Amino acid sequence: MEMLVLPLPRGRTAVVLFDPATNSVTTNHAGLVATVFQKGVKDLDGCLLLPRDGRAFLSALYDHLFLRGYHVHWLKASTASNRIV
């Protein structure tokens, strides 16, 4: 499991989860669903990616958020012990 964690104002947090077993990307944030999850996000090469593109979408979303000044954190769960690193 991999996730992007995005601290938001007023103590809230947006989380984007990627499950490599199913190649699925989900989020708990309605604003992300209404924007980049429906319209896609471009990677650094300019290719438009959608959640169905799995990890490539997660990577492009990280770049998109980071380059816009968000303090986004990329976390990975270790498959051996299932802990977040």
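Residues numbered from 1 in each chain as written. Predicted model: local features only at pLDDT ≥ 70, side-chain atom pairs only at ≥ 80, totals over all residues. Heavy atoms only, no water.

Quick look at the sheet that holds strand E6 (residues 73-76)
Part 1 of the argument: Here four strands make up an open sheet; going across it, the order is E3-E2-E1-E6 and the pairing antiparallel. At either margin of the open sheet sits one strand with a lone partner, and together these are strand E3 (24-27) and E6. For this sheet, the mean angle separating the axes of adjacent strands, direction not counted, is 20°.
Part 2 of the argument: Lying on the sheet, helix H3 (residues 55-67) is in contact with strand E1 (2-7), strand E2 (13-19), E3 and E6; it crosses E1 at an angle near 20°. (Pairing = 2+ DSSP bridges. Helix = DSSP H or I, 4+ residues; strand = E, 2+ residues; numbered from the N terminus. Axes fitted to C-alpha atoms, helices over the stretch in contact; angles between N-to-C directions. Contact = heavy atoms within 4.5 Å.)

Let's talk about the packing of aromatic side chains
Part 1 of the argument: Tallied over the entire structure, the rule returns three aromatic pairs.
Part 2 of the argument: With centroids separated by 5.3 Å and ring planes inclined at 80°, the aromatic side chains of phenylalanine 37 and phenylalanine 57 adopt a geometry described as edge-to-face. A residue pair is termed long-range when its members are at least 10 positions apart, and phenylalanine 37 in helix H2 (residues 36-39) and phenylalanine 57 in helix H3 qualify at 20 residues.
Part 3 of the argument: Taking relative accessible area as the criterion, phenylalanine 37 reaches 14% and is therefore assigned buried.
Part 4 of the argument: A network of ring pairs unites the aromatic residues Tyr62, Phe66 and Trp74 as a single cluster. (Phe/Tyr/Trp six-rings, centres within 6.5 Å; stacked < 30°, edge-to-face > 60°. Buried < 20%, exposed > 50% of the residue type's maximum accessible area, 1.4 Å probe, protein only.)

A look at the nonpolar core
Here is a general trend for soluble globular proteins: nonpolar side chains tend to be buried in one another's company.
Part 1 of the argument: Membership of the largest hydrophobic core comes to 17 residues, with the highest contact counts inside it found for Val16, Val36, Phe37, Phe57 and Leu61.
Part 2 of the argument: Counting only elements with at least two residues in this core, the list comes to E1, E2, H2 and H3.
Part 3 of the argument: Element by element, the count of residues in this core is highest for H3, at five residues. (Core = buried A, V, L, I, M, F, W, Y, C linked by side-chain atoms within 4.5 Å.)

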